[in-house]
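# Geometric and topological summary
What follows is the residue order along each chain.
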Amino acid sequence: MLTRLAQVVTALAIICSLAVPQASAQPEFGPEYTQTQFGPMGPAGRDMLVKVRLAGLWEGPAGRLGLQKSANPLVKEAGRHLIDGHAELDAKVLELGRTLNVPLPNEANADQQGWIAEMTNAPAGSVEFDRIFANRLRAAHGGVYKFLAVVRTGTRNTLIRDFAKRCMEVVLDHIQVLEATGMVDFNDTEAIPLAALAAAPVTPTSSAPAPAVPRAVPNVPRTQNLAQDNDSGGTDALLGVLVMAAVVGGIYLWTGGRPRGSRSKRQ
């Protein structure tokens, strides 16, 4: 009897394991990704660390030039924000570079060095310096802010996600203090591109639209949901049939494959 009961339990376990859908495997991100304890580290995350490091290598010195050369108190205030913000981000990006094994540059690129040279060559205390300072830095921060938003939205790495969030906060602060100088030329659409629509434009409607006529809409499920419902229903039905078959088989094994009347006849 115990042997038959064990057979029934084993059969039920096998049937249930076959009927229940298996969990999907983790997605493969590709050879350009490395797995870390904080999540997959991809090209965008590495690029972000490099860009933040490069920003600190020229925007910090630019902030110091603002303090030294400008006679405009608003430019000086922007310079202080740049110095403080990039000191914080620079220390953090160097730490993350070591943690995530991302090599980082030690000097600004050619464009950034050229912008520093422009500020250095502009006369101290002049409006020319203030304009170069505000417009070069505002254009650079605008591009970095958009890039950070893309990385923040798509990364699966928690360290990169948190750092991108903090970088966006600091960069937005810098954008605001630079704009507050009153020196930013928003007519320069090459340096500060016009915003593009992220979705299809909405057709303008009249001020008093005609009321919509209610009509019955058939409740037709979407194809994807319908397929999911069919898969779920089919799995449940199959599982029910297999369990019933197992129960009947278990009863058969329990009774030894003999009808109930056979015992009474034998007695």
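Residues numbered from 1 in each chain as written. Predicted model: local features only at pLDDT ≥ 70, side-chain atom pairs only at ≥ 80, totals over all residues. Heavy atoms only, no water.

## Observations concerning the nonpolar core
The tendency in soluble globular proteins is for nonpolar side chains to be buried as a group. The biggest cluster of nonpolar side chains holds 20 residues, and the ones touching the most others in it are Met 48, Leu 49, Val 52, Leu 148, Ile 160 and Phe 163. If you list the elements that add at least two residues to this core, you get α2 (43-69), α3 (73-99), α5 (127-154) and α6 (158-179). Here this core gets 8 residues from one element, more than from any other, and that element is α6. Residues contacting Val 52, with those up to four places away along its chain left out, are Leu 89, Val 93, Leu 148, Phe 163 and Cys 167. With 17 residues, the next largest nonpolar core counts Leu 65, Ala 108, Ile 132 and Ala 140 among its residues. (Core = buried A, V, L, I, M, F, W, Y, C linked by side-chain atoms within 4.5 Å. Buried < 20%, exposed > 50% of the residue type's maximum accessible area, 1.4 Å probe, protein only. Helix = DSSP H or I, 4+ residues; strand = E, 2+ residues; numbered from the N terminus. Contact = heavy atoms within 4.5 Å.)

## What about α3?
When the terminal C-alpha atoms of α3 are compared, their 39 Å separation across 27 residues agrees well with the 39 Å that a helix rising 1.5 Å per residue should span. Taken together, the buried positions of α3 are occupied by Val 75, Ala 78, Gly 79, Leu 82, Gly 85, His 86, Leu 89, Asp 90, Val 93, Leu 96 and Gly 97. Where α3 is buried, its residues meet α2, α5 and α6. You can read the cap of α3 off the contacts: a side-chain oxygen lies 2.9 Å from the backbone nitrogen of Leu 74, and it is on Asn 72. Looking one or two residues beyond α3, the residue adopting positive phi is Asn 101, at roughly 60°. (Expected span 1.5 Å × (residues − 1). Polar contact = N/O pair within 3.5 Å; in protein donor to acceptor, adjacent residues only side chain to side chain.)

## Notes on the layout of surface pockets
Empty space among the atoms becomes visible once a probe the size of a water molecule is rolled across them. Estimates place the volume of the largest pocket at around 240 Å³. The wall of the largest pocket is formed by Arg 138, Ala 139, Gly 142, Gly 143, Tyr 145, Lys 146, Ile 175, Ala 191, Ile 192, Pro 193, Leu 194 and Ala 195. The leading source of residues in the lining of the largest pocket is α5, at 6 residues. Residue composition of the lining of the largest pocket, grouped by class: 8 nonpolar, 2 polar and 2 charged. (1 Å grid on protein atoms, 1.4 Å probe; cavity = no way out; pocket = protein on both sides within 12 Å on 5 of 7 lines; lining within 4 Å. Points joined across faces, edges and corners; volume = space filled by probe spheres on them. Nonpolar A, V, L, I, M, F, W, Y, C, P; charged D, E, K, R; others polar.)

## Digging into the packing of aromatic side chains
Under the definition given, this model contains 2 aromatic pairs. Note that Lys 51 overlies the ring of Phe 147, its terminal NZ or CZ placed 4.9 Å from the centroid. (Phe/Tyr/Trp six-rings, centres within 6.5 Å; stacked < 30°, edge-to-face > 60°. Lys NZ or Arg CZ within 6 Å of the ring centre and 35° of its normal.)

## Re empty space enclosed by the protein
A complete count under the given rule lists 1 cavity of 30 Å³ or more for this structure. In this structure, the largest cavity spans a volume of roughly 50 Å³. Lining the largest cavity, in full, are Lys 51, Val 52, Ala 55, His 86, Leu 89, Val 144 and Val 171. Every element with two or more residues in the lining of the largest cavity is listed here: α2 and α3. Residue contributions to the lining of the largest cavity peak at 3 residues, all from α2. When grouped by side-chain class, the residues that make up the lining of the largest cavity number 5 nonpolar, 1 polar and 1 charged.

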